[in-house]
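Given next are the chains, with one letter for each unit.
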Amino acid sequence: MTAAVKNQLCCWALTALQMTHDNIDTSPLVKCICNTLDKSINGSTNSPSIAPNATVTVVGSKDSENVKPVFTRAEVSNHCSFESCWIVVNNRVYDVTRFLRSHPGGEDIIMEYAGCDATSAFIDKGHSRDAYDMLSDYFIGDVPPADWLPEKQAT
């Protein structure tokens, strides 16, 4: 990747976040994008990289705390193993990998829905308020509106 292409992508990221080069140091997301691009220019092979077919979506405003990662259902479906287990509940994506072995109902029930929408299974089971609170600890992003399914509420 040439420096010119890197600069274009960095500027695109700044524009998407409604930022300028002046406040780049205050945005961890833009620093990450620019550092990753810098490493790819310098030929570093052990640096994190963005997969060629990855979808990068930025949602939010100038405030980097409001920026939430967005994962398509297709991306979530790639995380269906004990090493990387993501589920979707009410159009929100959760990485429950580190919770698998701690789940009171056993890891197998979660693995049935690994990489899939687990909304009905989660809601219909009648989980406690504590379970809902625990689920929020594993939140990693949202499903894009184009992939939304109707939300289900606990009764």
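Here, the structure is the one placed above.
Here the residue numbers are simple positions, counted from 1 along each chain's written sequence. Given that the model is predicted, a residue must reach a pLDDT of at least 70 before its local features are reported, and side-chain atom pairs must reach 80 or more before they are shown or counted; all residues, however, enter totals for whole chains, interfaces and linings. With hydrogens and water stripped out, all remaining heavy atoms of the structure feed into the side-chain values.

### Some details on the pattern of salt bridges
Then step 1. Criterion for a salt bridge: a side-chain nitrogen of Lys or Arg within 4 Å of a carboxyl oxygen of Asp or Glu. Counted by the stated rule, this structure contains five salt bridges.
Then step 2. Linking R73 and D117 is a salt bridge whose minimum nitrogen-to-oxygen distance equals 3.0 Å. In this pair, R73 is assigned in helix α3 (residues 73-76) and D117 in the loop between α4 (107-111) and α5 (119-124), connecting sequence segments 44 residues apart.
Then step 3. Of the charged contacts in the structure, one is a salt bridge between R129 and D133, with a shortest N-O distance of 3.6 Å. Residue R129 and its partner D133 are located together in helix α6 (residues 129-136), separated by four residues, close to a single helical turn.
Then step 4. Classification of R129 by relative accessible area gives exposed; the value is 58%. Each helix corresponds to a stretch of at least 4 residues labelled H or I by DSSP, and each strand to a stretch of at least 2 residues labelled E; elements are numbered beginning at the N terminus. Burial classes: relative accessible area under 20% of the type maximum marks a residue as buried, over 50% as exposed, and values in between as partly exposed (1.4 Å probe, protein chains only).

### Quick notes on the nonpolar core
Then step 1. Grouped together as the largest cluster of nonpolar side chains are 17 residues, with contacts concentrated most on C85, I87, V89, Y94, V96, I110 and F122.
Then step 2. Where this core is concerned, the elements lending two or more residues are β1 (86-89), α4, α5 and α6.
Then step 3. Looking at this core, the element that brings in the most residues is α6, giving three residues.
Then step 4. Throughout, a contact is declared for two residues whenever any of their heavy atoms are within 4.5 Å. Apart from residues no more than four positions distant in its own chain, I110 is found in contact with C85, I87, V96, F99, L100 and H103.
Then step 5. Joining through side-chain atoms within 4.5 Å is the link that ties buried Ala, Val, Leu, Ile, Met, Phe, Trp, Tyr and Cys residues into a set, and such a set is a nonpolar core. With six residues, the next largest nonpolar core counts F71, V76, W86 and V93 among its residues.

### Quick word on the pairing of strand β2 (residues 92-95)
Then step 1. Pairs of strands are assigned from DSSP output, requiring at least two bridges between the strands. Relative to β2, β1 runs antiparallel, the two sharing four bridges. By the bridge assignment for β2, V88 is matched with V93.
Then step 2. Connecting β1 to the next strand, β2, in antiparallel fashion are two residues, including N90 with a positive phi near 50°.
Then step 3. Examined bridge by bridge, β2 and strand β3 (residues 139-142) share three bridges and lie antiparallel to one another. Note that in β3 the partner of R92 across the bridge is D142.

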